[in-house]
Amino acid sequence: AIERTLSIIKPDAVAKNVIGEIYTRFEKAGLKIVAAKMMHLSQEKAEGFYAEHKERPFFKDLVSFMTSGPVIVQVLEGENAVLTHRDLMGATNPAEAAAGTIRADFAQSIDENAVHGSDSVESAAREVSYFFADDEVCARTR
Ligand code: CMP
(Lines give C-alpha, C1' and ligand atoms only; values in the text may rest on other atoms or scores of the structure.)
Protein backbone atom coordinates (compact mmCIF):
# COMPACT_ATOMS: atom_id res chain seq x y z
CA ALA A 1 0.00 0.00 0.00
CA ILE A 2 1.06 3.62 -0.48
CA GLU A 3 2.11 4.92 2.94
CA ARG A 4 3.59 8.03 4.45
CA THR A 5 6.37 8.08 7.03
CA LEU A 6 8.14 10.77 9.02
CA SER A 7 11.88 11.18 8.52
CA ILE A 8 14.25 13.41 10.47
CA ILE A 9 17.81 14.15 9.37
CA LYS A 10 19.39 14.73 12.78
CA PRO A 11 21.88 17.46 13.82
CA ASP A 12 24.95 15.24 13.30
CA ALA A 13 24.08 14.50 9.66
CA VAL A 14 23.14 18.13 8.94
CA ALA A 15 26.52 19.17 10.40
CA LYS A 16 28.28 16.59 8.19
CA ASN A 17 26.67 18.18 5.12
CA VAL A 18 25.12 14.95 3.86
CA ILE A 19 21.51 16.13 3.47
CA GLY A 20 21.65 15.68 -0.29
CA GLU A 21 23.22 12.24 -0.11
CA ILE A 22 20.47 11.11 2.24
CA TYR A 23 17.72 12.61 0.05
CA THR A 24 19.24 10.80 -2.94
CA ARG A 25 18.86 7.48 -1.13
CA PHE A 26 15.18 8.20 -0.48
CA GLU A 27 14.59 9.12 -4.11
CA LYS A 28 16.50 6.14 -5.51
CA ALA A 29 14.34 3.86 -3.34
CA GLY A 30 11.20 5.35 -4.87
CA LEU A 31 10.20 7.48 -1.88
CA LYS A 32 8.84 10.94 -2.72
CA ILE A 33 9.35 13.93 -0.44
CA VAL A 34 5.86 15.39 0.02
CA ALA A 35 6.72 17.87 2.82
CA ALA A 36 9.99 19.19 4.26
CA LYS A 37 11.30 21.84 6.64
CA MET A 38 14.52 22.75 8.37
CA MET A 39 14.14 23.73 12.01
CA HIS A 40 16.06 24.07 15.23
CA LEU A 41 13.96 22.11 17.72
CA SER A 42 13.14 23.73 21.05
CA GLN A 43 13.49 21.61 24.17
CA GLU A 44 9.68 21.41 24.41
CA LYS A 45 9.30 20.30 20.80
CA ALA A 46 11.99 17.61 21.16
CA GLU A 47 10.63 16.36 24.50
CA GLY A 48 7.11 16.16 23.08
CA PHE A 49 8.28 14.26 20.02
CA TYR A 50 10.12 11.67 22.13
CA ALA A 51 7.54 11.59 24.96
CA GLU A 52 7.31 7.77 24.76
CA HIS A 53 10.99 7.57 25.83
CA LYS A 54 10.58 9.95 28.80
CA GLU A 55 11.44 7.30 31.39
CA ARG A 56 14.41 5.88 29.48
CA PRO A 57 17.91 6.58 30.82
CA PHE A 58 18.97 8.10 27.48
CA PHE A 59 16.10 10.63 27.32
CA LYS A 60 18.01 13.65 28.59
CA ASP A 61 20.96 13.10 26.24
CA LEU A 62 18.57 12.44 23.36
CA VAL A 63 16.77 15.76 23.86
CA SER A 64 20.03 17.61 24.32
CA PHE A 65 21.43 16.13 21.09
CA MET A 66 18.26 16.77 19.09
CA THR A 67 18.30 20.45 20.11
CA SER A 68 22.05 20.89 19.50
CA GLY A 69 21.61 22.11 15.91
CA PRO A 70 19.15 22.25 13.04
CA VAL A 71 17.36 19.18 11.72
CA ILE A 72 15.44 18.58 8.52
CA VAL A 73 12.05 16.99 8.94
CA GLN A 74 10.31 15.44 5.96
CA VAL A 75 7.35 13.31 5.02
CA LEU A 76 8.17 10.48 2.61
CA GLU A 77 5.49 8.82 0.54
CA GLY A 78 5.58 5.60 -1.43
CA GLU A 79 4.80 1.92 -1.59
CA ASN A 80 5.47 0.36 1.83
CA ALA A 81 7.14 3.65 2.88
CA VAL A 82 7.53 2.87 6.60
CA LEU A 83 9.53 -0.34 6.08
CA THR A 84 11.33 0.87 2.97
CA HIS A 85 12.58 3.86 4.95
CA ARG A 86 13.59 1.70 7.94
CA ASP A 87 15.57 -0.57 5.63
CA LEU A 88 17.39 2.44 4.18
CA MET A 89 18.25 3.70 7.70
CA GLY A 90 19.58 0.42 9.13
CA ALA A 91 19.63 -0.57 12.80
CA THR A 92 19.27 2.12 15.51
CA ASN A 93 22.81 1.37 16.66
CA PRO A 94 25.13 2.16 13.74
CA ALA A 95 27.54 -0.53 14.98
CA GLU A 96 24.80 -3.07 14.16
CA ALA A 97 23.55 -1.42 10.98
CA ALA A 98 23.95 -3.38 7.73
CA ALA A 99 26.57 -2.17 5.26
CA GLY A 100 25.29 0.40 2.83
CA THR A 101 22.58 1.75 5.14
CA ILE A 102 22.40 5.42 6.10
CA ARG A 103 23.41 4.76 9.70
CA ALA A 104 26.30 2.47 8.75
CA ASP A 105 27.61 5.11 6.35
CA PHE A 106 26.95 8.36 8.23
CA ALA A 107 26.36 7.72 11.97
CA GLN A 108 28.80 7.62 14.88
CA SER A 109 26.89 6.12 17.77
CA ILE A 110 23.45 5.07 19.00
CA ASP A 111 23.00 8.60 20.37
CA GLU A 112 24.11 10.41 17.22
CA ASN A 113 22.60 8.13 14.63
CA ALA A 114 21.97 10.51 11.72
CA VAL A 115 18.29 9.82 11.07
CA HIS A 116 14.94 9.01 12.62
CA GLY A 117 12.07 7.16 10.97
CA SER A 118 8.59 6.23 12.12
CA ASP A 119 8.37 2.61 13.30
CA SER A 120 4.80 1.91 12.12
CA VAL A 121 1.99 3.41 10.07
CA GLU A 122 0.30 4.44 13.33
CA SER A 123 3.40 6.23 14.66
CA ALA A 124 3.85 7.82 11.26
CA ALA A 125 0.40 9.41 11.35
CA ARG A 126 1.09 10.83 14.82
CA GLU A 127 4.60 11.99 13.97
CA VAL A 128 3.61 13.61 10.65
CA SER A 129 0.88 15.62 12.35
CA TYR A 130 3.31 16.58 15.15
CA PHE A 131 5.37 18.54 12.61
CA PHE A 132 3.07 19.34 9.68
CA ALA A 133 -0.39 20.80 9.24
CA ASP A 134 -2.54 18.90 6.74
CA ASP A 135 -2.11 21.62 4.12
CA GLU A 136 1.69 21.48 4.42
CA VAL A 137 1.77 17.95 3.01
CA CYS A 138 1.61 18.12 -0.78
CA ALA A 139 -0.12 15.73 -3.14
CA ARG A 140 2.37 14.58 -5.77
CA THR A 141 0.44 13.56 -8.82
CA ARG A 142 3.52 13.72 -11.05
P1 CMP B 1 15.30 7.35 17.19
O2 CMP B 1 14.78 6.45 16.13
O3 CMP B 1 15.32 8.81 16.85
O4 CMP B 1 14.41 7.16 18.51
C5 CMP B 1 14.93 7.36 19.80
C6 CMP B 1 16.40 7.60 19.81
O7 CMP B 1 17.04 7.42 21.06
C8 CMP B 1 17.07 6.59 18.92
O9 CMP B 1 16.79 6.91 17.56
C10 CMP B 1 18.53 6.70 19.35
O11 CMP B 1 19.24 7.70 18.65
C12 CMP B 1 18.42 7.14 20.82
N13 CMP B 1 18.90 6.11 21.74
C14 CMP B 1 19.93 6.24 22.58
N15 CMP B 1 20.12 5.11 23.30
C16 CMP B 1 19.17 4.24 22.91
C17 CMP B 1 18.83 2.91 23.27
N18 CMP B 1 19.50 2.23 24.19
N19 CMP B 1 17.78 2.33 22.64
C20 CMP B 1 17.07 2.99 21.70
N21 CMP B 1 17.33 4.26 21.32
C22 CMP B 1 18.38 4.88 21.91
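Thresholds, definitions, all that
Residues numbered from 1 in each chain as written. Predicted model: local features only at pLDDT ≥ 70, side-chain atom pairs only at ≥ 80, totals over all residues. Heavy atoms only, no water. UniProt positions renumbered as here; feature names shortened; annotations may be inferred. Phe/Tyr/Trp six-rings, centres within 6.5 Å; stacked < 30°, edge-to-face > 60°. Lys NZ or Arg CZ within 6 Å of the ring centre and 35° of its normal. Near = heavy atom within 4 Å. Polar contact = N/O pair within 3.5 Å; in protein donor to acceptor, adjacent residues only side chain to side chain. Areas by Shrake-Rupley, 256 points an atom, 1.4 Å probe, with all protein chains shown as cover. 1 Å grid on protein atoms, 1.4 Å probe; cavity = no way out; pocket = protein on both sides within 12 Å on 5 of 7 lines; lining within 4 Å. Sits in = over half its atoms within 2 Å of the grid points. Nonpolar A, V, L, I, M, F, W, Y, C, P; charged D, E, K, R; others polar. Pairing = 2+ DSSP bridges. Helix = DSSP H or I, 4+ residues; strand = E, 2+ residues; numbered from the N terminus. Axes fitted to C-alpha atoms, helices over the stretch in contact; angles between N-to-C directions.

- Under an unreviewed UniProt entry, the name given to the chain is Nucleoside diphosphate kinase, and the source organism is Methylophaga marina.
- Comment text from UniProt for the chain, heading Subcellular location (unreviewed entry), reads "Cytoplasm".
- The UniProt entry for the chain carries the following comment under Cofactor (unreviewed entry): "Mg(2+)".

## With respect to the packing of aromatic side chains
For any pair of aromatic rings, geometry is given as the distance between the ring centres together with the angle between the planes.
Part 1: What the rule picks out here adds up to five aromatic pairs.
Part 2: Within the aromatic cluster, the residues linked to one another by ring pairs are Phe-49, Tyr-50, Tyr-130 and Phe-131.
Part 3: Over the ring of Tyr-130 we find Lys-45, and its NZ or CZ is 4.2 Å from the ring centre.

## Examining the site of the ligand
Part 1: Taken together, Lys-10, Tyr-50, His-53, Arg-56, Phe-58, Leu-62, Thr-92, Arg-103, Ile-110, Asp-111, Asn-113 and His-116 make up the full set of residues adjacent to the ligand.
Part 2: Contact distances for the ligand include 2.6 Å between an oxygen atom and a backbone N or O atom of Ile-110.
Part 3: For the ligand, whose accessible area on its own is 450 Å², the fraction buried by protein is 79%.
Part 4: One can see that the ligand is located within the largest pocket.
Part 5: Classifying every residue of the shell around the ligand gives four nonpolar, four polar and four charged.

## Some remarks on the sheet that holds strand β3 (residues 71–79)
Part 1: Spatial strand order, β2-β3-β1-β4: four strands in an open sheet with antiparallel pairing. Each edge of the sheet is formed by a strand with only one pairing partner; in this case those strands are β2 (32–39) and β4 (115–117). Strand-to-strand twist of the sheet, defined as the mean angle between neighbouring strand axes without regard to direction, takes the value 20°.
Part 2: The sheet contact formed by strand β1 (residues 2–9) and β3 spans eight bridges and is antiparallel. Following the sheet pairing, Arg-4 is matched in β3 by Glu-77.

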